[in-house]
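If you want the building blocks of each chain, they are given just below.
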Amino acid sequence: KAGVTQTPRYLIKTRGQQVTLSCSPISGHRSVSWYQQTPGQGLQFLFEYFSETQRNKGNFPGRFSGRQFSNSRSEMNVSTLELGDSALYLCASSLLAGDEQYFGPGTRLTVT
Amino acid sequence: LAKTTQPISMDSYEGQEVNITCSHNNIATNDYITWYQQFPSQGPRFIIQGYKTKVTNEVASLFIPADRKSSTLSLPRVSLSDTAVYYCLVGGFSGGYNKLIFGAGTRLAVHP
């Protein structure tokens, strides 16, 4: 079956703009989590959605938000972009909480 | 969630067995131990998960002593394609939610 897909794969934005990233989980998976990966901070958990509800949130400012749709697809939004938001944003899905998580290829965001 | 400590880097040669040890002194009773592998510019990939004793799958073995305060990922007969970053995670099932806490990982370099 198809894996986790993320769009776009690459994105360049300027400071102050906002961006929306999209994630399509594996068919049948209901849990979607988002992570940010930077060389300095490594992989950090952003938030998790299950059945359209945010169930857990990492330690990120309110500029980072997300949502999940009824078909389990998820989007994350970053407003008022800062240079430090440049990172690889990864989405992971699992059937249920606690199951093995499958990661997508990520979206590489560059903020100039 | 329990913090993990693992070596920053390791070197090996093709055909050798590689053992990466992870320390997790504060592991909770209901925590599982999971290992992920990540190649550059890709999302992490699940390798193996265990709770206690030994778990083996087609790619690796996971050894967990009785006190569960550490674990060892064993990769038999590594090849150049095993060069990657390996993450040890504890928990992943915190109160029914998905929240993977990644450490710095171990950068494994396999040489010809």
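Up top you'll find the structure we're talking about.
Residues numbered from 1 in each chain as written. Chains lettered and ligands numbered in written order. Predicted model: local features only at pLDDT ≥ 70, side-chain atom pairs only at ≥ 80, totals over all residues. Heavy atoms only, no water.

S.K.: For the overall build of chain B, give the residues involved together with the corresponding values.
M.R.: Helix and strand counts for chain B come out as 0 helices and 9 strands. For chain B, the sequential pattern of α-helices and β-strands runs β-β-β-β-β-β-β-β-β. At 13 Å, chain B has a C-alpha radius of gyration in line with the 13 Å of a compact globule built from 112 residues. Each principal axis of the C-alpha atoms in chain B carries an extent, and together these give about 45 × 30 × 25 Å. Considering chain B as a whole, with its 112 residues, one finds that 46% of them fall into the buried category. Within chain B, contacts between residues at least 6 apart in sequence are counted, and of these 56% link residues at least 24 apart. Looking at chain B as shown, the accessible area adds up to about 5600 Å², and 51% of this sits on carbon and sulfur atoms. Where the 9 positive side-chain charges of chain B centre and where its 7 negative ones centre are 9 Å apart. (Helix = DSSP H or I, 4+ residues; strand = E, 2+ residues; numbered from the N terminus. Rg over C-alpha atoms; globule rule 2.2 N^0.38 Å. Buried < 20%, exposed > 50% of the residue type's maximum accessible area, 1.4 Å probe, protein only. Contact = heavy atoms within 4.5 Å. Areas by Shrake-Rupley, 256 points an atom, 1.4 Å probe, with all protein chains shown as cover. Lys, Arg positive; Asp, Glu negative; His and termini not counted. Charge placed at Lys NZ, Arg CZ, Asp CG, Glu CD.)

S.K.: Give me the interface of chain B and chain A: which residues, what numbers.
M.R.: Chain B puts 16 residues into the contact, and the matching count from chain A is 24 residues. For the pair chain B and chain A, the summed buried surface comes to about 1600 Å²; carbon and sulfur atoms form 52% of the total. At the boundary of chain B and chain A, one finds 0 salt bridges. Counting across the interface, chain B meets chain A through 3 residue pairs in polar contact (both at pLDDT 80 or more). When the residues that make up the side of chain B that touches chain A are grouped by side-chain class, the tally is 8 nonpolar, 7 polar and 1 charged. (Buried area = accessible area lost by both parts, 1.4 Å probe. Salt bridge = Lys/Arg side-chain N within 4 Å of Asp/Glu carboxyl O. Polar contact = N/O pair within 3.5 Å; in protein donor to acceptor, adjacent residues only side chain to side chain. Nonpolar A, V, L, I, M, F, W, Y, C, P; charged D, E, K, R; others polar.)

S.K.: Explain the nonpolar core residue by residue, including any values.
M.R.: Counting residues in hydrophobic clusters, the biggest one holds 21 residues, and the most contacted among them are A:Trp34, A:Leu46, A:Phe64, A:Met76 and A:Tyr89. Mapped onto this core, the elements with two or more residues apiece are β3 (19–24), β4 (31–38), β5 (42–50), β8 (74–78), β9 (87–94) and β11 (107–111) of chain A. Listed in part, the 20 residues of the second largest apolar core include B:Cys22, B:Leu62, B:Leu73 and B:Val90. (Core = buried A, V, L, I, M, F, W, Y, C linked by side-chain atoms within 4.5 Å.)

S.K.: Requested: an account of the sheet that holds strand β5 (residues 53–56) of chain B, with residues and values cited.
M.R.: All names here are of chain B. The antiparallel open sheet is built from 4 strands, whose spatial order is β2-β7-β6-β5. Bordering the open sheet on either side are β2 (18–23) and β5, each of which pairs with just one other strand. Neighbour-to-neighbour, the strand axes of this sheet turn through a mean angle of 15°, independent of strand direction. In terms of strand pairing, strand β6 (residues 61–64) meets strand β7 (residues 70–75) through 3 bridges, oriented antiparallel. Within β7, the residue paired with Phe 63 across the bridge is Thr 72. (Pairing = 2+ DSSP bridges. Axes fitted to C-alpha atoms, helices over the stretch in contact; angles between N-to-C directions.)

S.K.: Residue-level account of the state of the cysteines, with values.
M.R.: Taken as a whole, this structure holds 2 disulfides over all chains when the rule is applied. Covalent S-S linkage joins A:Cys23 and A:Cys91, the inter-sulfur distance amounting to 1.7 Å. Disulfide A:Cys23-A:Cys91: torsion about the S-S bond near -55°, hence left-handed. Placement of the pair is A:Cys23 in strand β3 and A:Cys91 in strand β9, with a sequence separation of 68 residues. With respect to burial, A:Cys23 and A:Cys91 carry one shared label: buried. Disulfide partner of B:Cys22: B:Cys88, at an S-S distance of 2.1 Å. Sign of the S-S torsion, about -80° for the bond between B:Cys22 and B:Cys88, identifies this disulfide as left-handed. Of the two residues, B:Cys22 sits in strand β2 while B:Cys88 sits in strand β8 (residues 84–91), which places them 66 residues apart along the sequence. Like B:Cys88, B:Cys22 is buried. (Disulfide = S-S within 2.5 Å.)

Keep in mind these values describe shape, not function.
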